[in-house]
Amino acid sequence: MTTTPWLTLLWAVPMIGAAVVIGLPRSAAHLVRPIALTISLAVLWISVVLAVGFDPAGAQYQFVEDHPWIPSFGTGYLLGVDGIALALVLLTTVLVPLLLLAGWRDTPDETELSGRAPHAYVALFLAVESMVLIALVSLDILLFYVFFEAMLIPLYFLIGGFGAGAKPARSAAAVRFLLYNLLGGLVMLAAVIGLYVVTATDSSFAAGTFDLRAIVGVVGSAGLAANPVVLHLLFLGFFCAFAVKAPLWPLHRWLPDAAVESTPATAVLMMAVVDKVGTFGMLRYCLQLFPDSSILFRPLVITLAVIGIIYGALAAIGQRDIMRLISYTSISHFGFIILGIFVMTSVGQSGSALYMVNHGLSTAALFLIAGFLVSQLGTRAIADYGGVAKVAPVLAGTFLVAGLATLSLPGLAPFVSEFLVLVGTFTRYPVAAAFAATALVLSAVYVLWLYQRVMTGPVRDGSNRLRDLRGRELLVVTPLIALLIGLGCYPKPVLDVIDPAVGHTLSIMGVSDPSPSAVSPRTAQGPVRHP
């Protein structure tokens, strides 16, 4: 019996859907969004099938598909999913239908596409989803790289062509987004080629290869036969591309402008979905392919992550623009995710992987609710609002829940992941954990200050014309709030899937958790690296 190629279906359905949508005649514009939503729900169903069939106690990579692509160049069509990838696949396929609903009425103010603007808009959304999904399930490094870079193109057009801001501003933001990420990608391309050369000259391989499983197998046993300096440079090539995509301070400069000039749905697609490919790449590629380099550069990365955590929170406090404030909070949260990855403890990395999911949900909820608010009054300035809770209590209430999730209130999903990251960090780097924990206070400042200024107090002129959430907007917000509460109270199903993949990564690196006894100065210096 032929096994159903679920992973191929996972990415091919939205890509074919994008082609179908863009091919519809102009007269069928009213069918474009319902068709795209139906396609995204079909992709969600496929991801649920994968989740139900995934065995956390089974093989590391499951639903594997392996077919020749360019055999003479050591690359193939090789797909497989582990627990961390599965969690991010589910996050992506849950969010995309909600984002299509949230952007149901998004239309560009200026476009050269005339009546075909709706076709292009939703087709670009489906194309981004497809490319993110194949990047998450790819086990061939070259295949991953192709789609890691390709996803920039549809996102560039979503920002520059369909953004919420004025045309010059959104075009500039789109160009900055593209240049930052393309430069990082070019550095990674050199590293990908260099890795192929290393495998081609290593006697452990019959020929050069891009097969992640084969390379990691050699790394975990004998190690790659290459000059350590070369491996360090290859690590930096991969890491720089992922750090730009994530984004990690100081490579974050493109994010606030891109988020503000996009529609809320596009901004969430970028911050909650696409940017996760960067942190996912750190876990899958940087740590597993270059364990010694990861340990060598760990203090530097942890320092940058902690700076990003504090910088993002302080920058958010100083913002006068609602959407820009929320975008800076993501820089702080990505600092937590990267911190959890590079402290190299099982608790920290599990918390980091869970944080990727929870950040996606909390950012989606907060940004979309803020977008519903801004779309009514037409201004992003915090000072233009006041007393919204009196005229739109449901909007204010859901905004408060999403904001409290952003500051990691116990009982909501991000608390669990942030707590795990801090605990995992403290067992090895207590000083870094102490500095990172200051963001808990800073996040309370910017979230509660924002809520107080916008939602409470007397009703300002203009705010009295606001309406409450209804219909389609409630259909978008309700699942996000439910997931934030559900995963906050019971994160075990996600952690059960993530933990085996984290354990495999640490075993490849030869890293063990610190002793549960009191942390000594010697323990705080780093992990035990077993020969």
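Each remark here, short or long, concerns the structure printed above.
Predicted, not measured: the structure shown is a model, and the values here were computed from it.

1. Topic: the packing of helix α16 (residues 346-377) against helix α21 (residues 472-489)
1) Next: For the pair α16 and α21, interaxial distance at closest approach is 10 Å and the crossing angle is 150°. Relative to α21, the element α16 lies roughly antiparallel. With respect to the hand of their crossing, α16 and α21 are arranged in left-handed fashion. On the side of α16, the interface is formed by V357, N358, L361, S362, A364, A365, L368, I369 and F372, while α21 contributes R472, E473, V476, V477, L480, L483, L484 and L487.

2. A short note on the environment of L100
1) Next: Its place among the elements puts L100 in helix α3 (residues 83-102).
2) Next: With a relative accessible area of 5%, L100 lands in the buried category.
3) Next: The sequence separation of L100 and N464 amounts to 364 residues, and the corresponding C-alpha distance is 28 Å.
4) Next: Filtering out sequence-adjacent residues up to four positions away, L100 remains in contact with A36, L37, S40, V122 and F125.

3. Let's talk about the environment of L233
1) Next: On the secondary structure map, L233 appears in helix α9 (residues 228-245).
2) Next: Here L233 falls in the exposed class, since its relative accessible area comes to 55%.
3) Next: In the structure, L233 is positioned 39 residues away from G194 in sequence and 9.3 Å away in space, judged by C-alpha atoms.

4. Quick word on the environment of T263
1) Next: When you line up the elements, T263 lands in the loop between α10 (254-261) and α11 (264-274).
2) Next: Between the C-alpha atom of T263 and that of D106, which follows or precedes it by 157 residues, the distance is 7.5 Å.
3) Next: Only 3.3 Å separates the side chain of T263 from the side chain of Y121, close enough to count as a polar contact.

5. Thoughts on α10
1) Next: Most of α10 sits inside the fold, with eight of its eight residues counted as buried.
2) Next: Among the structural elements, α6 (152-162), α7 (167-200), α9, α11, α15 (322-342) and α16 are those in contact with the buried residues of α10.

6. Focus: the nonpolar core
1) Next: Residues I141, F238, M270, L289, I322 and F342 are the most contacted members of the largest nonpolar core, which totals 205 residues.
2) Next: For this core, the leading source of residues is α16, giving 17 residues.
3) Next: Excluding its chain neighbours within four sequence positions, the residues that come into contact with I322 are A370, L373, V374, R380, I382, Y385, L450 and V454.

7. Let's talk about the pairing of strand β1 (residues 62-70)
1) Next: The sheet contact formed by β1 and strand β2 (residues 75-81) spans six bridges and is antiparallel. The residue bridging E65 from the neighbouring strand is L79, located in β2.
2) Next: The turn joining β1 and β2, which pair antiparallel and follow one another in sequence, is formed by four residues; a positive phi near 70° is taken by G74.

8. Some details on the packing of α16 against helix α22 (residues 492-509)
1) Next: At their nearest, the axes of α16 and α22 sit 9 Å apart, and the two run at 130° to each other. In terms of axis orientation, α16 runs oblique to α22. Crossing handedness for the pair α16 and α22: right-handed. Here S346, Q349, S350, A353 and L354 of α16 come into contact with α22, specifically with V494, L495, I498, D499, V502, T505 and L506.
2) Next: Looking at the contact of α16 with α22 residue by residue, the classes come out as seven nonpolar, four polar and one charged.

9. Topic: the side chain of S352
1) Next: Mapped onto the elements, S352 comes out in helix α16.
2) Next: Setting aside chain neighbours within four positions, we find S352 in contact with I337, G340, I341 and V421.

10. Here we look at unusual backbone geometry
Excluding glycine, residues mostly have negative phi values, and the peptide bonds linking residues are mostly trans.
1) Next: For the peptide bond that leads from A246 to P247, omega is -5°, which places it in the cis range.
2) Next: Going from W249 to P250, the amide bond is cis rather than trans, its omega being 5°.
3) Next: Here P250 shows up in the loop between α9 and α10.
4) Next: Unusually for a residue other than glycine, F63 sits at a positive phi of about 55°.
5) Next: Considering the arrangement of structural elements, one finds F63 in strand β1.

11. Some points on the packing of aromatic side chains
1) Next: Per the stated rule, a full pass over the model turns up 23 aromatic pairs.
2) Next: Ring centres of F238 and F242 lie 6.3 Å apart, and the angle between their planes is 50°; on these two criteria the pair is classed as tilted. Here F238 pairs with F242, and both are found in helix α9, just four residues apart, close to one helical turn. Grouping residues by exposure puts F238 and F242 together as buried.
3) Next: Aromatic rings pair up to connect F144, F148, F238, F242, Y285 and F290 into one cluster.

12. A few points about the pattern of salt bridges
1) Next: With the rule as written, the count across this model stands at nine salt bridges.
2) Next: Residue R284 pairs with D82 through a salt bridge whose shortest N-O separation is 3.3 Å. Within this pair, whereas R284 is found in helix α12 (residues 276-289), its partner D82 is found in the loop between β2 and α3, the two being separated by 202 residues in sequence. For the pair R284 and D82, one class covers both residues: buried.
3) Next: Salt-bridge contacts for D257 lead to R176; the nearest nitrogen and oxygen are separated by 2.8 Å. Residue D257 is located in helix α10, and its partner R176 is located in helix α7; the two are separated by 81 residues in the primary sequence.
4) Next: Classification of D257 as buried rests on a relative accessible area of 13%.
5) Next: According to the relative accessible area criterion, R176 is partly exposed, its value standing at 27%.
6) Next: Among the charged side chains, a salt-bridge network with shared partners connects R176, R253, D257 and R324.

Parameters at a glance
Residues numbered from 1 in each chain as written. Predicted model: local features only at pLDDT ≥ 70, side-chain atom pairs only at ≥ 80, totals over all residues. Heavy atoms only, no water. Axes fitted to C-alpha atoms, helices over the stretch in contact; angles between N-to-C directions. Helix = DSSP H or I, 4+ residues; strand = E, 2+ residues; numbered from the N terminus. Parallel < 35°, antiparallel > 145°, perpendicular 65-115°, else oblique. Left-handed = near helix turned anticlockwise from the far one by under 90°. Contact = heavy atoms within 4.5 Å. Buried < 20%, exposed > 50% of the residue type's maximum accessible area, 1.4 Å probe, protein only. Polar contact = N/O pair within 3.5 Å; in protein donor to acceptor, adjacent residues only side chain to side chain. Core = buried A, V, L, I, M, F, W, Y, C linked by side-chain atoms within 4.5 Å. Pairing = 2+ DSSP bridges. Nonpolar A, V, L, I, M, F, W, Y, C, P; charged D, E, K, R; others polar. Phe/Tyr/Trp six-rings, centres within 6.5 Å; stacked < 30°, edge-to-face > 60°. Salt bridge = Lys/Arg side-chain N within 4 Å of Asp/Glu carboxyl O.

Spatial relationships are all this shows, so hold off on functional conclusions.
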